[in-house]
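# Residue-level structure breakdown
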Number of protein chains: 2
Amino acid sequence: MARVVVDVMLKPEILDPQGRAVKGALARLGLDGVTDVRQGKRFEIDLEGGLDLERSEQVHKLAEELLANPVIEDYTVHIVDEGGVRE
Amino acid sequence: MARVVVDVMLKPEILDPQGRAVKGALARLGLDGVTDVRQGKRFEIDLEGGLDLERSEQVHKLAEELLANPVIEDYTVHIVDEGGVRE
């Protein structure tokens with residue numbers, strides 16, 4: 001079994017009101033020196049079998065089309081476990 | 001400057017309707033063999049100065065109190081960049 005993690009974060013130039021609210025709350029709760037907080041999404045995808053090059057490319061394509069909005073978000077794909085198949 | 005990443009995911013026994021919807025969509029878009037998808041939150045926290053042991057513990061405490069709901073969510077804290085200070 002392979003596991004892929006896709007992290008989706010707002011682009012740095014896009015205002016992040018959720019992150020800003022968390023930043024304010026962290027300061028109020030006593031954490032000093034917080035300069036920035038960004039909040040994004042994390043997807044953990046479990047796949048049957050191994051992750052060959054073709055499938056890995058398919059995951060990248062779907063991350064861009066389905067999981068992220070490339071106009072305002074950046075995404076990163078991490079292969080946590082290749083399921084025993086090397087590319 | 002230090003950077004800490006906090007990942008917050010629903011506990012495995014908690015139903016994740018968002019993840020389920022993504023799983024269905026990935027299958028419809030042609031990705032075969034998806035056994036499970038979980039959707040969670042990712043917080044990127046930038047801190048002034050270095051991250052010593054005390055501050056690191058404070059981040060852990062606040063992750064549990066503010067960022068995650070420990071009744072239904074698990075969280076992990078990754079120190080991406082210690083800001084030059086070793087613990």
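The coordinates are above.
In this text, all values refer to a predicted model and were calculated from it rather than measured experimentally.

So, how was this worked out
Residues numbered from 1 in each chain as written. Chains lettered and ligands numbered in written order. Predicted model: local features only at pLDDT ≥ 70, side-chain atom pairs only at ≥ 80, totals over all residues. Heavy atoms only, no water. Contact = heavy atoms within 4.5 Å. Buried area = accessible area lost by both parts, 1.4 Å probe. Salt bridge = Lys/Arg side-chain N within 4 Å of Asp/Glu carboxyl O. Polar contact = N/O pair within 3.5 Å; in protein donor to acceptor, adjacent residues only side chain to side chain. Helix = DSSP H or I, 4+ residues; strand = E, 2+ residues; numbered from the N terminus. Buried < 20%, exposed > 50% of the residue type's maximum accessible area, 1.4 Å probe, protein only. Axes fitted to C-alpha atoms, helices over the stretch in contact; angles between N-to-C directions. Parallel < 35°, antiparallel > 145°, perpendicular 65-115°, else oblique. Left-handed = near helix turned anticlockwise from the far one by under 90°. Nonpolar A, V, L, I, M, F, W, Y, C, P; charged D, E, K, R; others polar.

### Points about the interface of chain B and chain A
Counting from both sides, the interface comprises 32 residues of chain B and, opposite them, 32 residues of chain A. Of the roughly 2900 Å² buried at the junction of chain B and chain A (both faces included), carbon and sulfur atoms supply 63%. Taken together, the links from chain B to chain A amount to two salt bridges. Between aspartate 7 of chain A and arginine 42 of chain B there is a salt bridge whose closest N-O contact spans 3.1 Å. Between the two partners, chain B and chain A, sit 16 residue pairs in polar contact (both at pLDDT 80 or more). Elements with a contribution of two residues or more to the side of chain B that touches chain A: strand E1 (2-10), helix H1 (17-28), strand E2 (34-47) and helix H2 (53-67) of chain B. If one sorts the elements of the side of chain B that touches chain A by residue count, E2 of chain B sits on top with 14 residues.

### Re the pattern of salt bridges
Throughout the structure, instances matching the rule amount to 14 salt bridges over all chains. Among the ionic pairs, aspartate 46 of chain A bridges to arginine 3 of chain A, the shortest N-O distance being 2.8 Å. Taken together, the positions of aspartate 46 of chain A in strand E2 (residues 34-47) and arginine 3 of chain A in strand E1 (residues 2-10) put the pair 43 residues apart, joining distant regions of the chain. Look at aspartate 46 of chain A and you get buried, because its relative accessible area is 8%. Using a relative accessible area of 27% as the deciding quantity, one classes arginine 3 of chain A as partly exposed. Between aspartate 74 of chain B and lysine 11 of chain B there is a salt bridge, with its nearest N and O atoms 3.1 Å apart.

### As for the packing of helix H2 (residues 53-67) of chain A against H1 of chain B
The N-to-C vectors of H2 of chain A and H1 of chain B enclose an angle of 120°; their axes lie 11 Å apart at closest approach. Regarding the angle of H2 of chain A to H1 of chain B, the classification is oblique. Handedness of the crossing formed by H2 of chain A with H1 of chain B: right-handed. Residues Leu62, Leu66 and Leu67 of chain A of H2 of chain A lie in contact with H1 of chain B, whose contacting residues are Val22, Ala25 and Leu26 of chain B. Within the contact of H2 of chain A with H1 of chain B, the residues separate by chemical class into six nonpolar, no polar and no charged.

So far we have only geometry, and geometry alone does not tell us how the molecule works.
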